[in-house]
Amino acid sequence: MARIPLGPKIRSRRKEQGLTQATLASEVGISASYMNLIEQDKRQIGGSLLNRLAEKLAYPIEELTGESDRHVIEDLEEIAADPLLRPLMMDARSAADLAGKNPLWAKAMVTIYRAYLDQSRSVMALTDRLNQDPFLAESVHAMLSHVTAIRSTSEILDQENELSPEQAARFHGILSSESQKLSDVSMTLNTWFDASNIGTRSETPTEEVEDLFSSHNNYFAELETAATGLSKKITKGERVLEGDMSEFARHKLGVLINHEATLPAEISRLGKLSAWDPDNKTLTLLSTAAPANRRFLVARLIAELSLGDKIDALLDSSPVLTTEASRERARHALSAYTASAMLLPYDNFLETARSVRFDIDALCQQFSVTYEQVCQRLVALRRQGNEGVPFALMQTDPSGSTTKRFPLPQLPLPRHGSACPLWAIYSAFQTPGRTVRQIVRFPDQSRFVFVARSIGKLSVTFHEPEFMHSILLAYDVLYADDVVYSDGLDLGHADNVTDVGPNCRLCPREDCQFRQEDPILQTLEATAVP
Amino acid sequence: MSNGEEAGKGISILIAEDEPNIVESLTFLLEREGYAVSAVGDGDTALRILQQAPPGMLILDVMLPGRNGFEILKAIRANGSLANLPVIILTAKGQEKDRKTALDLGANAFITKPFSNQDLVKQINRISANEE
């Protein structure tokens, strides 16, 4: 962290004490000109001189040296690193300057930044809540039920001439009570909207790419067709192998593929398995990377180089990508999609998946791909007329950050931070490599089967720390009998079901003992008009 | 609505719906048509009754407590003896996705709440006539 400038502090304290530079200088035994250099922060001081100055100025040493300001500087550095402010290229030194010269302004900025972060999160949560809100869905359902009873009853009263007086009285009673209930729900809804402070959302590139996938229902017909065509050019066989792809890359694309024990030092970093040098058209693969990973990386590069136009056309036609950063990220994601379509051809993969009842390990074996590649492909099986089981996919790192999300319309996944702590995606970290399954029930009574597994991200050497992440596949219990992971689960038995929520801020289960945060809005019952 | 002839001809209809006031209007409307109507408030009870004494037709709400209407429909279609039972799905969720799910799972008709009595009765009479 940058050094806190002492000069301005000494100067302002000296003035407060009504001392001249020369007086203070002589009292601590230095020349006036040296004192001047110190106050302009052109000389660094320490040791006994610093102690003498602090004593003469009656300035607690930790305040003078800025130890107590250190957390402010750390906060300022965090602000400087925010993607929003990165273009300003602020350096750590300027954070220390601000904290030293204008400590109150620095604190004000940190306070405002904290408030801004908090409000951004609230806006996100509210936006998600409006989109996926269980109360809203529940209220609309209640309104429709009451309206149904009212409509049907009033039609009976209006059109039936042969009602007995008792029947007529009974139906009038229903009309009155259903109208009352309808008014209650409408009032509650009205209060809810009054209480909600819904703002617009500024999206990050990652979110825009997620929106791109979800607007296509995770399936890109053009890329599937293009991938099939490309695979046929690469091999006559059924399976696109790394060797065939390397040949194709060399002869058709002029790309050289090397296998090396290490990557060039300037780009090597933890988790990086390959390096692409566009000037020399060379792809260097880490020879210790798993074959399935290497195969995927080569396929992705070939897809990017051969089908760049098709991918760009898709990007151009998408209204959800608003920045170049989003487009870049989307280009990468669609190249990966195409690679996946090459290695796991739609019809063949879906047919095999059905035959093994979506057993991920069986599919890994069958197609020589990784667990993640299979999961990723499963969510793309959404071709109209030949769909797989609708799966949601989520990936998290051990800190709980969501690193990948493919939600289902009826299953919201957290956009920021973590989901409900009861989800199996978190408990899977306790048993690496093993499948954890769970039947969950959300507050709107919808039920899903969760299948989670934590896996090591890399093939690691002894010196590399192992990096785990956890992957969750989720499907509606409606599809339980199509999927191997529901075998033997008693879906009808309430004891086997875990009551969960989306995350604490959005969850209405007030009595949940695992709650970490208060709900962001009150529940319907709590806001209901008496 | 009722034209003097009894469209129902004593055919039994089971209603699985948890809103008692909707059950009451449905019962009234269908009994007037000559159907023998009974009702249950959740899907699992419906399934049990269907296995013991299958009715001529089932009106099945989607948003039921416990297993929802779609799950019940799937179980019905997987059960050999009930595979041909006429099932009418009743739902307050009018989305295309639900309609598709219902038809994919083998529903004979899909009625969206709030329904008009006349349309509902017509649909049911049409299905019962087809079954004869």
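Residues numbered from 1 in each chain as written. Chains lettered and ligands numbered in written order. Predicted model: local features only at pLDDT ≥ 70, side-chain atom pairs only at ≥ 80, totals over all residues. Heavy atoms only, no water.

A. Representation of the overall build of chain B in the model. For chain B, the helix and strand inventory stands at five helices and five strands. In chain B, the succession of α and β elements from N to C terminus is β-α-β-α-β-α-β-α-β-α. Taking 132 residues into account, the globule formula puts the C-alpha radius of gyration at 14 Å, and chain B, at 14 Å, falls close to it. A burial count over chain B gives 51% of its 132 residues as buried. Partitioning the contacts of chain B with sequence separation of at least 6, the portion at a separation of at least 24 is 64%. For chain B, the computed accessible surface area is about 5,500 Å², with 47% contributed by carbon and sulfur atoms. Taking the average location of the 13 positive side-chain charges in chain B and that of its 18 negative ones, the two points are 6 Å from each other. (Helix = DSSP H or I, 4+ residues; strand = E, 2+ residues; numbered from the N terminus. Rg over C-alpha atoms; globule rule 2.2 N^0.38 Å. Buried < 20%, exposed > 50% of the residue type's maximum accessible area, 1.4 Å probe, protein only. Contact = heavy atoms within 4.5 Å. Areas by Shrake-Rupley, 256 points an atom, 1.4 Å probe, with all protein chains shown as cover. Lys, Arg positive; Asp, Glu negative; His and termini not counted. Charge placed at Lys NZ, Arg CZ, Asp CG, Glu CD.)

B. Representation of the interface of chain B and chain A in the model. Contacts between chain B and chain A engage 26 residues on the former and 30 residues on the latter. Here chain B packs against chain A, burying approximately 2,500 Å² in sum over the two surfaces, 54% of which is carbon and sulfur. Along the contact surface separating chain B from chain A lie six salt bridges. Across the salt bridge formed by A:R170 and B:E24, the nearest N and O atoms sit 2.8 Å from each other. Remark: the boundary between chain B and chain A carries 11 residue pairs in polar contact (both at pLDDT 80 or more). Counting residues per element, the ones that place at least two in the side of chain B that touches chain A are α1 (20-32), α3 (69-78), α4 (96-104) and α5 (117-131) of chain B. Residues of the side of chain B that touches chain A, tallied by class, amount to 10 nonpolar, seven polar and nine charged. (Buried area = accessible area lost by both parts, 1.4 Å probe. Salt bridge = Lys/Arg side-chain N within 4 Å of Asp/Glu carboxyl O. Polar contact = N/O pair within 3.5 Å; in protein donor to acceptor, adjacent residues only side chain to side chain. Nonpolar A, V, L, I, M, F, W, Y, C, P; charged D, E, K, R; others polar.)

C. A look at the confidence of the model for chain A. All names here are of chain A. In this model, chain A carries a mean pLDDT of 84, and residues with pLDDT of at least 70 account for 90%. Across chain A, helix α17 (residues 346-355) holds the top mean pLDDT of 97, while helix α21 (residues 524-527) sits lowest at 42. In this model, residues 522-530 is a region of pLDDT below 50 whose contacts with residues beyond four sequence positions or in other chains number 15 contacts. (pLDDT = per-residue confidence, 0-100.)

D. Here's a closer look at helix α16 (residues 324-343) of chain A. The first and last C-alpha atoms of α16(A) sit 29 Å apart over 20 residues, in line with the 28 Å expected at 1.5 Å per residue. Of all 20 residues in α16(A), 14 are buried, a share of seventy percent or more. (Expected span 1.5 Å × (residues − 1).)

E. Spatial organisation of the nonpolar core. If you look at the biggest cluster of nonpolar residues, it comprises 79 residues, and the most contacted ones within it are A:M245, A:I302, A:L334, A:F358, A:I360, A:L378 and A:F391. Counting residues per element, this core draws most heavily on α16(A), which supplies eight residues. The residue makeup of this core includes at least three contributed by each of domain 3 (203-356) and domain 4 (389-530) of chain A. Ranked by size, the runner-up nonpolar core spans 23 residues in total, among them B:A46, B:I72, B:L73 and B:A107. (Core = buried A, V, L, I, M, F, W, Y, C linked by side-chain atoms within 4.5 Å. Domains from an automatic or database assignment.)

F. Representation of the sheet that holds strand β1 (residues 256-260) of chain A. Residues and elements named next belong to chain A. A sheet is described by the order of its strands in space; here three strands give the open sequence β1-β3-β2, paired in mixed fashion. Each edge of the sheet is formed by a strand with only one pairing partner; in this case those strands are β1 and β2 (274-277). Recorded for the sheet is a direction-independent mean angle of 15° between the axes of neighbouring strands. Strand direction decides the pairing type here: β2 and strand β3 (residues 282-286), joined by four bridges, are antiparallel. Its bridge partner lying in β3, S274 is registered against L285. (Pairing = 2+ DSSP bridges. Axes fitted to C-alpha atoms, helices over the stretch in contact; angles between N-to-C directions.)

G. Quick look at the environment of A:I10. Along the polypeptide, A:I10 turns up in helix α1 (residues 7-16). For A:I10, the contacting residues outside a window of four places in its chain are A:L24, A:M35, A:I38, A:E39, A:I45, A:L53, A:L57 and A:L64.

H. Just the sheet that holds strand β4 (residues 87-91) of chain B, in detail. Residue and element names in this part refer to chain B. Taken in spatial order, the five strands of this open sheet run β2-β1-β3-β4-β5, and their pairing is parallel. Bordering the open sheet on either side are β2 (36-40) and β5 (109-112), each of which pairs with just one other strand. On average, each strand axis in the sheet is inclined to that of its neighbour by 20°, with strand direction left out of account. In the sheet, strand β1 (residues 12-16) pairs with strand β3 (residues 57-61) via four bridges, with the strands oriented parallel. The partner of I13 across the bridge, within β3, is M57.

I. Region of the structure containing the pairing of β3(A). All names here are of chain A. Most of β3 sits inside the fold, with five of its five residues counted as buried. A two-sided burial pattern is seen for β3, the buried positions comprising T282, T284 and L286 on one face and L283 and L285 on the other. Judged from the five bridges that link them, β1 and β3 form a sheet pairing that is parallel. Residue pairing across strands places N258 opposite T284, the latter belonging to β3. In textbook terms, the turn of a hairpin is the stretch between consecutive antiparallel strands, and for β2 and β3 this stretch comprises four residues, one of which, K281, has a positive phi near 45°.

J. A look at α1(A). Residue and element names in this part refer to chain A. Within the span of α1, buried status applies to G7, K9, I10 and R14. Down the axis of α1, the buried side of the element spans an arc of 165°, and every buried residue falls inside it. For α1, exposure combined with an orientation more than 90 degrees from the buried face picks out K15 and E16. Backbone geometry just downstream of α1 places G18 in the positive-phi region, at approximately 70°. (Arc of directions from axis to C-beta.)

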